[in-house]
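# Chain and residue survey
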Amino acid sequence: MSTRAEHGDDQIDPGLSAIMSERRRLINLAYRLLGSLADAEDAVQETYARWYALSAREQQAIESPGAWLMTVAGRICLNLLGSARARRETYVGDWIPEPLPEPTEWINGRSGADGSDPADRVTLDESVTMAFLVVLDSMTPAERVAFVLHDVFRYPFGEVAEIVGRTPAACRQLASARRRIRTAQPAAGPVTGQAGIVRQFKTAWQAKDIDTLISLLDPGATATADGGGLAVTHLHPIVGGERIARAYAEIARVAGDRTTFLERTVNGTPGLAALQDGKLVTVFAFEVVGDRIRHIWAVRNPEKLQPWRFG
């Protein structure tokens, strides 16, 4: 059924409406594969560019445009993952996936033209938590695509094979990487419990209370930061709860009263945002296991903080 444009009597092509309605699903796929909202938007834009490069006859011959778009997007992401690995070799420090704010905090896309949320809202579930994305990033490009398509989007191995250019049997082997996911992903507690731990951490951090910080951190905890060479931060992960507590207490001492820590949802789980003189400088994501923090990810690269807005 066609709908009328907001202004005027011109009707929107129902075919165009159906094609554009796939955008949210495409963004959800691309973000999980690439770990970057900006790259995901580029991949989806390229997917649509390839659709509109087809002749009308070629488009009409495609039985399921939605499936065609997902296939093309998957292949584009597979290629981008290969080139991203090469770029990471020259990346300054550790690379962390781009953090997503909760939907109400999302700003307009980079064009700023249509007033929509960037990505038309990535669905926030366990497959976009920072812990999950970091494990995905340890996979080969083909493993990652096969796993996300099969385990997250429920694609049968025959369709996954068409996208990654492997046999269905080979794709089953690729997707067996799920064992690494399950091993590295212990069951998380209730979000309210996680929020309580993060809130206690924030309070102790602001007070520079090293003993309380140590009690909230797993003895084997790690803290990783991503400045991308554009912001000052530690270049290597800090390992050990006591070392993290002392390092973070020193960060609080240096920051002084200029820094404000706000409780925010980061990739669907409780996190923190640090504002310095009113400007966002860091987003913190946490992995809470039981009643202890097992991992902290601090994203300081300003290019990865663009989807966030305050004030």
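Quick look at the environment of aspartate 42 now. Tracing the chain through its elements places aspartate 42 in helix α3 (residues 37–52). Look at aspartate 42 and you get partly exposed, because its relative accessible area is 36%. With 15 residues separating them in the primary sequence, aspartate 42 and isoleucine 27 have C-alpha atoms 9.6 Å apart.

One can expect most non-glycine residues to show negative phi and most peptide bonds to be in trans. Of note, the phi angle at lysine 208 is positive, near 55 degrees, even though the residue is not glycine. Considering the arrangement of structural elements, one finds lysine 208 in the loop between α11 (191–206) and α12 (210–216). A relative accessible area of 38% means that lysine 208 is categorised as partly exposed. For aspartate 277, which is not a glycine, the phi torsion comes out positive at approximately 55 degrees. One can find aspartate 277 in the loop between β4 (269–276) and β5 (279–289). Accessibility expressed as a relative area gives 57% for aspartate 277, which makes it exposed.

Contact geometry of helix α5 (residues 65–88) with helix α8 (residues 157–164) gives a least axis separation of 8 Å together with a crossing angle of 50 degrees. As summarised for this structure, α5 and α8 are arranged oblique, according to the angle between their axes. As for how α5 packs across α8, the hand of that crossing is right-handed. Across from Met70, Thr71, Gly74, Arg75 and Leu78 in α5, the residues of α8 making contact are Glu162, Ile163 and Val164.

What follows deals with the sheet that holds strand β2 (residues 238–239). Pairing between sheet strands relies on hydrogen bonds along the backbone, with the strands arranged either parallel or antiparallel. Spatially, 6 strands are ordered β2-β1-β6-β5-β4-β3 in an open sheet, and the strand pairing comes out mixed. The open sheet has two edge strands with one neighbour each: β2 and β3 (259–266). Of the pairings in the sheet, the one linking strand β1 (residues 217–226) to β2 comprises 2 bridges and is antiparallel in character. Within β2, the residue paired with alanine 223 across the bridge is isoleucine 238.

What counts and how
Residues numbered from 1 in each chain as written. Predicted model: local features only at pLDDT ≥ 70, side-chain atom pairs only at ≥ 80, totals over all residues. Heavy atoms only, no water. Helix = DSSP H or I, 4+ residues; strand = E, 2+ residues; numbered from the N terminus. Buried < 20%, exposed > 50% of the residue type's maximum accessible area, 1.4 Å probe, protein only. Axes fitted to C-alpha atoms, helices over the stretch in contact; angles between N-to-C directions. Parallel < 35°, antiparallel > 145°, perpendicular 65-115°, else oblique. Left-handed = near helix turned anticlockwise from the far one by under 90°. Contact = heavy atoms within 4.5 Å. Pairing = 2+ DSSP bridges.

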